[in-house]
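Single-letter residue listing:
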Amino acid sequence: MASVRVAVRVRPLNKREKKSKVIVRMKDNTTSLVQAKVPVRGDGPVRVQGDGAKTFAYDFSYDSTDRKSPDFVSQKKIFQDLGVDVLHAAFQGFNACVFAYGQTSSGKSYTMMGEAADKGLIPRICEGLFCEISARNEGDAMSFRTEVSYLEIYNEHVLDLLNKRPSSAPKGGLRVREHPVDGPYVESKKGCITPVLWFTVVESVVIVRWLCSDLSRHVVQGYGDVGELMATGNANRTTASTGMNDASSRSHAIFTIHFTQARFDSELPCEMLSKIHLVDLAGSERADATRATGTRLKEGANINKSLVTLGSVISALADMSDKQATKKQTFIPYRDSVLTWLLKDSLGGNSKTIMIATISPADVNYGETLSTLRYASRAKSIVNSPTVNEDASVKVIRELQEEIARLRGLLDQTSQEVLELTKEWTNKWWETENILKEEILALRKEGSGVVLDSQLPHLIGIDKDLLSTGVIIYHLKEGRTLVGSDEASDPQDIALLGPGRRGEHCVFENRSGAVSLIPHGGDAPCLVNGVEVTRPCQLNQGEGAERLTLTPCIPNGNII
Ligand SMILES: Nc1ncnc2c1ncn2[C@@H]1O[C@H](COP(=O)(O)OP(=O)(O)OP(=O)(O)O)[C@@H](O)[C@H]1O
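All values derive from a computational prediction rather than experimental measurement. (Residues numbered from 1 in each chain as written. Predicted model: local features only at pLDDT ≥ 70, side-chain atom pairs only at ≥ 80, totals over all residues. Heavy atoms only, no water.)

Trainee: Can you lay out the UniProt feature "binding site: ATP" (unreviewed entry) in the protein for me, pointing to particular residues and giving the numbers?
Mentor: Mapped onto this numbering, the UniProt entry annotates "binding site: ATP" (unreviewed entry) at Gly102, Gln103, Thr104, Ser105, Ser106, Gly107, Lys108 and Ser109. Within the secondary structure layout, Gln103 lies in the loop between strand E9 (96–102) and helix H2 (108–112). With sequence-adjacent residues up to four places away left out, Gln103 is seen in contact with Lys108, Met244, Gly283, Ser284, Thr358, Ser360, Asn365, Glu368, Thr369 and Thr372. Mapped onto the elements of the fold, Ser109 is located in helix H2. (UniProt positions renumbered as here; feature names shortened; annotations may be inferred. Helix = DSSP H or I, 4+ residues; strand = E, 2+ residues; numbered from the N terminus. Contact = heavy atoms within 4.5 Å.)

Following this line, the structure appears as structure tokens:
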């Protein structure tokens, strides 16, 4: 979201205003209209207006009344404040718009186009654009393309200022249509859209698009090209001498720079398109002040009509921003004039927009100046929603590439997990197999039970607790297997735990599979099938296995 930024500029008194009083004061970013005693026209008797100073705050207040004053604001300063921001926005891929608004002869054309000796914002922005392009061309692998178009809206008709051949201009002017994504554009009156093949070359890759606009677009390579086109367009623009201005613009003029940047970013195509609209509006005028008749009067009426619509659009957008909290929808009358329709994106849409309100310093223009300042103040509340304009197909390619990369990552991660799980499982499998092999023990399922097959004589320790599932197998190795606790002087093969254990409890002697129990006697009782033995005795294995009780430590032990 970005609010429309508003600057107010006051020009010097002109020769028609030499007897007038200066009623505009500027301090920092505020503009004040001081008390004026001027006759106000109306149906009734002439009144004198002057109800105290009115002060407004803007983003910038530019005092250009007196070149000798230390506060004088030059064309250069205005470019530095506003034009540089427009260029930043364009290089970031945003649309931008600067429009000059104000009564006739207040200095709109001077601010936007300027004079040969004192260039205005449009030529300075173009110069700055090419300066920045050549600086960037040296650094990165970015490719730039700049095209310009220049149109005027004269008596509600759109005319191409760069292609004014009578044969090419449809009667009634070019028509404005609206693209669902790109917004309003200009096409031919007949409704047939002439496609134009458009391409950019980035590192030998050609990106091709069809453009559908009958408004001519001119590829420019440097400021020299733009300068020529500007001169052609300005010469073609409808101007006339009026009672207020010797060279009054009788049309609204829109100079548009279509700026495209293309490059490969980590092997992905990246293309940004920015539209910079630089608008010099015709000025509002009073027929009595301009002394217009005939054609000039009709022009003035059309100019005023479209400016009234512009005012309504600004008002509605400002209302909408105020109501934002209540989320109420407001109807914006964009289509009520060609001007507001073409500027739809710039006003409340996808653009970073700046309004320059130009005013006269003279008391005779009090009413018009106050009205301009009020409009400018309203415009400050307009909130736009600029977004970086990426080429749609390039955007899809990038999104798909990103999706592929994401899925690849996921696949790699899953494969790694599968590998690890397989390895873990294989290791376990081999460990179990080895244990089984080592102990020459096989598990065999028979009926509802499990049979332990072992070729070595062994003891099975069964827990006294019937619910316990713990079964321990002790293999009796060839030779002697010592049974006792850790209190014995020699380390014991089978360790007894619990109270009443003796250091050396008994010995199992295995001689080629024949196992004998050798008790130590005394207070280390050994029971075979419940009968205490005090001398060595042979034990059976398999079916006739004995039940041993080595009190109290191996609670029950069977030798199989
Ligand atoms: N800041 C300024 N410094 C010096 N002269 C200026 C300035 N602004 C305007 N002027 C002069 O005032 C006159 C009227 O200015 P300009 O033609 O720019 O007004 P405008 O608002 O575009 O008028 P219109 O709406 O009738 O086209 C011109 O002669 C111009 O040179």
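Trainee: Kindly report on the confidence of the model for the protein, identifying the contributing residues and their values.
Mentor: For the protein, mean pLDDT is 81; residues scoring 70 or higher make up 79% of the total. Note on residues 44–48: pLDDT is under 50 here. Beyond four places in sequence and across chains, it has seven contacts. In the model, residues 555–560 has pLDDT below 50 throughout and makes 34 contacts with residues more than four positions away in sequence or in other chains. (pLDDT = per-residue confidence, 0-100.)

Trainee: Quick one: what's the story with the packing of aromatic side chains, residue by residue and with numbers?
Mentor: Scanning all chains against the criterion turns up seven aromatic pairs. Arranged with centres 5.9 Å apart and planes meeting at 5°, the rings of Phe144 and Phe259 form a pair that is stacked. One end of the pair, Phe144, is in strand E12 (residues 143–154); the other, Phe259, is in strand E21 (residues 252–265), with 115 residues separating them in the sequence. This pair shows no difference in class: Phe144 is buried, exactly as Phe259 is. Chaining the aromatic ring pairs together yields one cluster made of Phe91, Phe144 and Phe259. Just above the ring of Phe94 sits the side chain of Lys352; from NZ or CZ to the centre is 4.4 Å. (Phe/Tyr/Trp six-rings, centres within 6.5 Å; stacked < 30°, edge-to-face > 60°. Buried < 20%, exposed > 50% of the residue type's maximum accessible area, 1.4 Å probe, protein only. Lys NZ or Arg CZ within 6 Å of the ring centre and 35° of its normal.)

Trainee: Please set out the pairing of strand E23 (residues 352–359) residue by residue, giving values where relevant.
Mentor: Taken across its eight residues, E23 has seven buried, putting it largely inside the fold. Here strand E2 (residues 5–10) pairs with E23 via six bridges, running parallel. Each residue of the ladder has a partner; that of Ala7, found in E23, is Ile356. Pairing of E9 with E23, which is carried by seven bridges, proceeds in the parallel orientation. Within E23, the residue paired with Cys97 across the bridge is Thr353. (Pairing = 2+ DSSP bridges.)

Trainee: So what's going on with the site of the ligand? Residues and values would help.
Mentor: Around the ligand there are 17 residues in total, and Thr104, Lys108, Tyr110, Ser248 and Ser249 lie nearest to it. Here an oxygen atom of the ligand and a side-chain polar atom of Thr104 are 2.5 Å apart. Within the contact set of the ligand, an oxygen atom lies 2.8 Å away from a backbone nitrogen or oxygen of Tyr110. Within the complex, 82% of the 620 Å² of free accessible area of the ligand lies under protein. Where the shell around the ligand is concerned, the elements lending two or more residues are H2 and strand E20 (248–249). Class assignment for the residues of the shell around the ligand results in two nonpolar, eleven polar and four charged. (Near = heavy atom within 4 Å. Polar contact = N/O pair within 3.5 Å; in protein donor to acceptor, adjacent residues only side chain to side chain. Areas by Shrake-Rupley, 256 points an atom, 1.4 Å probe, with all protein chains shown as cover. Nonpolar A, V, L, I, M, F, W, Y, C, P; charged D, E, K, R; others polar.)

Trainee: Let's hear about the packing of helix H6 (residues 294–322) against helix H8 (residues 366–379): which residues, and what values?
Mentor: Remark: H6 packs on H8, axes separated minimally by 8 Å, with the N-to-C direction vectors making an angle of 40°. One finds that H6 runs oblique with respect to H8. The chirality of how H6 crosses H8 is left-handed. Touching Gly311, Ile314, Ser315, Ala318, Asp319 and Asp322 of H6 are Tyr375, Arg378 and Ala379, all from H8. Looking at the contact of H6 with H8 residue by residue, the class counts come to four nonpolar, two polar and three charged. (Axes fitted to C-alpha atoms, helices over the stretch in contact; angles between N-to-C directions. Parallel < 35°, antiparallel > 145°, perpendicular 65-115°, else oblique. Left-handed = near helix turned anticlockwise from the far one by under 90°.)

Trainee: Could you give an account of the pairing of strand E3 (residues 24–27), naming the residues involved and the relevant values?
Mentor: Moving residue by residue along a regular strand, the side chains alternate between the two faces of the sheet. Of the two faces of E3, only one is covered, namely that formed by Val24 and Met26; the face formed by Arg25 and Lys27 stays uncovered. Relative to strand E4 (residues 30–33), E3 runs antiparallel, the two being bridged by four bridges. Bridged to Lys27 within E4 is Thr30. The antiparallel hairpin formed by E3 and E4 contains two residues in its connecting segment, where Asp28 sits at a positive phi of about 50°.

Trainee: Talk me through the nonpolar core; I want residue IDs and the actual numbers.
Mentor: Membership of the largest hydrophobic core comes to 49 residues, with the highest contact counts inside it found for Phe99, Val158, Leu310 and Leu342. Secondary structure elements with two or more residues in this core: E2, E3, E9, E12, H6, helix H7 (338–342), E23 and H8. For this core, the leading source of residues is H6, giving seven residues. Beyond its immediate chain neighbours, meaning those up to four positions away, Val158 contacts Leu151, Glu152, Ile153, Gly173, Leu174, Val176, Val186, Val338 and Leu342. Membership of the second largest hydrophobic core comes to 42 residues, among which are Ala7, Leu121, Ile125 and Leu129. (Core = buried A, V, L, I, M, F, W, Y, C linked by side-chain atoms within 4.5 Å.)

Trainee: A description of the sheet that holds strand E7 (residues 54–57) should follow, citing residues and the corresponding values.
Mentor: Through backbone hydrogen bonds, the strands of a sheet pair up, either in parallel or in antiparallel fashion. If you walk across this open sheet you meet the three strands as E3-E4-E7, and the pairing is antiparallel. Two strands bound the open sheet, and with one partner strand each, they are E3 and E7. Strand-to-strand, the axes of this sheet are offset by a mean angle of 20°, without reference to chain direction. Most of the contacts of H8 go to E7, to which it runs at about 35°, and overall it touches E3, E4 and E7.

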